[in-house]
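The primary structure of each chain is shown beneath.
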Amino acid sequence: MTTADGAGTREAGVAREEAQLVALRAGDAAAFGELVDRLNGSLLRLARMYASNPAIAEEVVQEAWIGVIQGLDRFEGRSSLRTWCSRIVINIARTRAAREHRQIPFSAFDDPSAGAEPAVEAERFLPASDPEWPGHWVSYPARWDEVPEERALARETRDLIDAAIADLPPSQREVITLRDVNGWGADEVCNALGISATNQRVLLHRARARVRRSLERHLVPGETSMGQVDGGTAAFR
């Protein structure tokens, strides 16, 4: 249930953004400086998903801020200013990446629902012909709560997560970065990337599954992508 305090906070936030938008359209330099201070860091992180180095990411964001200034009169307020600014960054970064012949063609951002990989390998489940447990797990995913905390929090593990995310298909990398790294909500991700809620869920699920598989191999000795432990099939737990 939505509380009165929560509704009041949202209304106050909307009112502040509307006031800021009025000031921005009036050419208020202080309002623009406040917007840059608030969003520049997150926009740089967003640009780094596409840019080959930090300098290019900074150029993308600088170009995006010019686009923001030029497009303020066309902004219809259907999304937040942060989402709108983020979408400008994404469009510029994608265009620049394609122009520089990097590995992110526009076709990579198509509908992910057709012909995509399963979230979990079929080998991790018993076949339909199994007389007792058809379709059940051969071995459950590894339990991470049994991994020593210091190892789970180690820099090595963080680097592995970053590498696993970087190795994802572009559309999956976008969604998991915005949702799980930057902490965005599902609606904001859909608005910024121009994708449906269904596609957002599918992309996030597949991205998390692939990152999890990478972590399983790292955090659980002897674990493979199919749940085989120490050369044999793990027993049911």
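Please refer to the structure higher up on the page.
Because the structure is a prediction, the values reported are computed rather than measured.

K.L.:
Just give me the short version of the side chain of Ser42, but keep the residues and values in it.
P.N.:
Here Ser42 lies in helix H2 (residues 29–47). By relative accessible area, which is 14% here, Ser42 ends up buried.

K.L.:
Explain the pattern of salt bridges residue by residue, including any values.
P.N.:
Taken as a whole and judged by the stated rule, the model has seven salt bridges. Linking Glu174 and Arg94 is a salt bridge whose minimum nitrogen-to-oxygen distance equals 2.9 Å. With Glu174 in helix H7 (residues 170–181) and Arg94 in helix H4 (residues 81–99), the pair connects residues that are 80 residues apart, well separated along the chain. Accessibility expressed as a relative area gives 3% for Glu174, which makes it buried. Asp162 is paired through a salt bridge with Arg158; the nearest N and O atoms lie 3.2 Å apart. In this pair, Asp162 and Arg158 are both assigned in helix H6 (residues 155–166), four residues apart and thus about one turn of the helix distant.

K.L.:
Account for H2, with residues named and values stated.
P.N.:
Within H2, the axis deviates most sharply at Leu39, by approximately 45°. Those residues of H2 lying buried are Ala31, Leu35, Leu39, Ser42, Leu43, Leu46 and Ala47. The N-cap residue of H2 is Asp28: its side-chain oxygen and the backbone nitrogen of Ala30 are 2.9 Å apart.

How each quantity is defined
- Residues numbered from 1 in each chain as written.
- Predicted model: local features only at pLDDT ≥ 70, side-chain atom pairs only at ≥ 80, totals over all residues.
- Heavy atoms only, no water.
- Helix = DSSP H or I, 4+ residues; strand = E, 2+ residues; numbered from the N terminus.
- Buried < 20%, exposed > 50% of the residue type's maximum accessible area, 1.4 Å probe, protein only.
- Salt bridge = Lys/Arg side-chain N within 4 Å of Asp/Glu carboxyl O.
- Bend = angle between axes of the 7 residues up to and from the residue.
- Polar contact = N/O pair within 3.5 Å; in protein donor to acceptor, adjacent residues only side chain to side chain.

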